[in-house]
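The chain contents come next:
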Amino acid sequence: MTPSFLLPWVLLVVAVLCRPTASAKAKCYLDWIKKSDGYSCMSLEDNMVLYWSVSNDNITFGIDVVPPSSLYSDGLGWAAIGLSPAGGMYGADMMVVVRDSSPGKWRVEDRFAVEPDTPALDSQQDLTLLMARATGRRGIRAMFT
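Residues numbered from 1 in each chain as written. Predicted model: local features only at pLDDT ≥ 70, side-chain atom pairs only at ≥ 80, totals over all residues. Heavy atoms only, no water.

J.: Outline the overall build of the protein, supporting the account with residue identities and numerical values.
T.: Secondary structure summary: the protein contains 1 helix and 10 strands in total. When the helices and strands of the protein are placed in sequence order, the string is α-β-β-β-β-β-β-β-β-β-β. When burial is assessed residue by residue, the protein has 40% of its 145 residues classed as buried. Considering only residue pairs separated by 6 or more positions, the protein has 46% of its internal contacts joining residues 24 or more positions apart. (Helix = DSSP H or I, 4+ residues; strand = E, 2+ residues; numbered from the N terminus. Buried < 20%, exposed > 50% of the residue type's maximum accessible area, 1.4 Å probe, protein only. Contact = heavy atoms within 4.5 Å.)

If you want it as structure tokens, here you go:
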């Protein structure tokens with residue numbers, strides 16, 4: 001995806017399944033991505049931060065999701081962001097970071113929503129997971145391109 005392709009699209013956050021609480025905070029530029037490395041950052045609600053960096057025809061995304069401590073006692077199993085022409089789920093191209101059943105293993109999936117249900121896997125999986133881990137706050141921190 002090139003930057004000109006993204007301009008008419010509206011960011012759709014599909015990862016945040018719950019409203020933030022005072023105990024659930026995510027903030028830009030903490031300890032893993034630096035502004036000096038060329039990343040932009042936007043806080044989406046209090047419990048999700050989106051990072052991005054554009055280089056030629058490549059965009060690298062980073063997400064930091066912190067669920068309220070009253071939910072997900074074992075941590076989140078997935079987090080996602082999506083791009084949608086209309087701002088809703090229909091037609092959204094989604095990037096989903098998923099925890100595998102093996103401890104410490106993660107994967108990134110390229111998905112597409114054609115209805116308000118579980119998005120289908122794209123026939124072309126062209127995302128690369130650069131890093132993913134569960135955070136000490138029961139959240140997910142991931143970077144992919």
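J.: Outline the nonpolar core, listing residues and values.
T.: Soluble globular proteins tend to bury their nonpolar side chains together. Phe 61, Ile 63, Ile 81, Val 97 and Phe 144 are the most contacted members of the largest nonpolar core, which has 18 residues in total. At 4 residues, the largest contribution of residues to this core is made by strand S4 (residues 58-65). Setting aside its immediate chain neighbours within four residues, Ile 63 contacts Trp 32, Met 48, Val 49, Leu 50, Ala 79, Ile 81, Val 97, Ile 140, Arg 141, Ala 142 and Phe 144. Counting 9 residues, the second-largest nonpolar core is a separate cluster that includes Tyr 39, Val 49, Val 66 and Met 143. (Core = buried A, V, L, I, M, F, W, Y, C linked by side-chain atoms within 4.5 Å.)

J.: Describe the pattern of salt bridges, with residues and values.
T.: Enumeration over the complete set of coordinates arrives at 4 salt bridges. Of the charged contacts in the structure, one is a salt bridge between Asp 64 and Arg 141, with a shortest N-O distance of 3.1 Å. Within this pair, whereas Asp 64 is found in strand S4, its partner Arg 141 is found in strand S10 (residues 140-144), the two being separated by 77 residues in sequence. Of the residues examined, Asp 64 reaches a relative accessible area of 0% and is grouped as buried. (Salt bridge = Lys/Arg side-chain N within 4 Å of Asp/Glu carboxyl O.)

J.: Tell me what's going on with the state of the cysteines, and back it up with residues and numbers.
T.: All chains considered together, the criterion is met by 1 disulfide. Across the disulfide from Cys 28 sits Cys 41; the S-S distance is 1.9 Å. In this structure the cystine formed by Cys 28 and Cys 41 twists about its S-S bond by roughly -85°; its chirality is therefore left-handed. Note that Cys 28 is positioned in the loop between strand S1 (10-12) and strand S2 (40-44) and Cys 41 in strand S2, a separation of 13 residues in sequence. The class of Cys 28 is partly exposed, set by a relative accessible area of 29%. (Disulfide = S-S within 2.5 Å.)

J.: Quick one: what's the story with the side chain of Glu 109, residue by residue and with numbers?
T.: On the secondary structure map, Glu 109 appears in strand S7 (residues 106-112). Polar contacts involving the side chain of Glu 109 include one to the side chain of Arg 111, which spans 2.7 Å. Beyond its immediate sequence surroundings of up to four residues, Glu 109 is in contact with Met 94, Met 95, Val 96, Val 98, Leu 121, Gln 125 and Leu 127. (Polar contact = N/O pair within 3.5 Å; in protein donor to acceptor, adjacent residues only side chain to side chain.)

J.: Lay out the pairing of strand S3 (residues 48-55) in plain terms, naming residues and giving numbers.
T.: Two elements, S2 and S3, share 5 bridges in a ladder whose sense is antiparallel. Bridge pairing links Ser 40 to Trp 52 in S3. The antiparallel pairing of S2 with S3 creates a hairpin that spans 3 residues between the two strands, and Glu 45 there sits at a positive phi of about 65°. Across 8 bridges, S3 lies against S4 in antiparallel orientation. Within S4, the position partnered with Tyr 51 by the bridge is Gly 62. (Pairing = 2+ DSSP bridges.)

J.: Before we move on, can you summarise the sheet that holds strand S9 (residues 129-134) with the specific residues and values?
T.: The strands that make up a sheet pair up through hydrogen bonds in the backbone, lying either parallel or antiparallel. Taken in spatial order, the 5 strands make up an open sheet running S2-S3-S4-S10-S9, and their pairing is antiparallel. Among the strands making up the open sheet, the edge pair consists of S2 and S9. Neighbour-to-neighbour, the strand axes of this sheet turn through a mean angle of 10°, independent of strand direction. Sheet topology places S4 next to S10; 5 bridges connect them, and they run antiparallel. Following the sheet pairing, Val 65 is matched in S10 by Ile 140. (Axes fitted to C-alpha atoms, helices over the stretch in contact; angles between N-to-C directions.)

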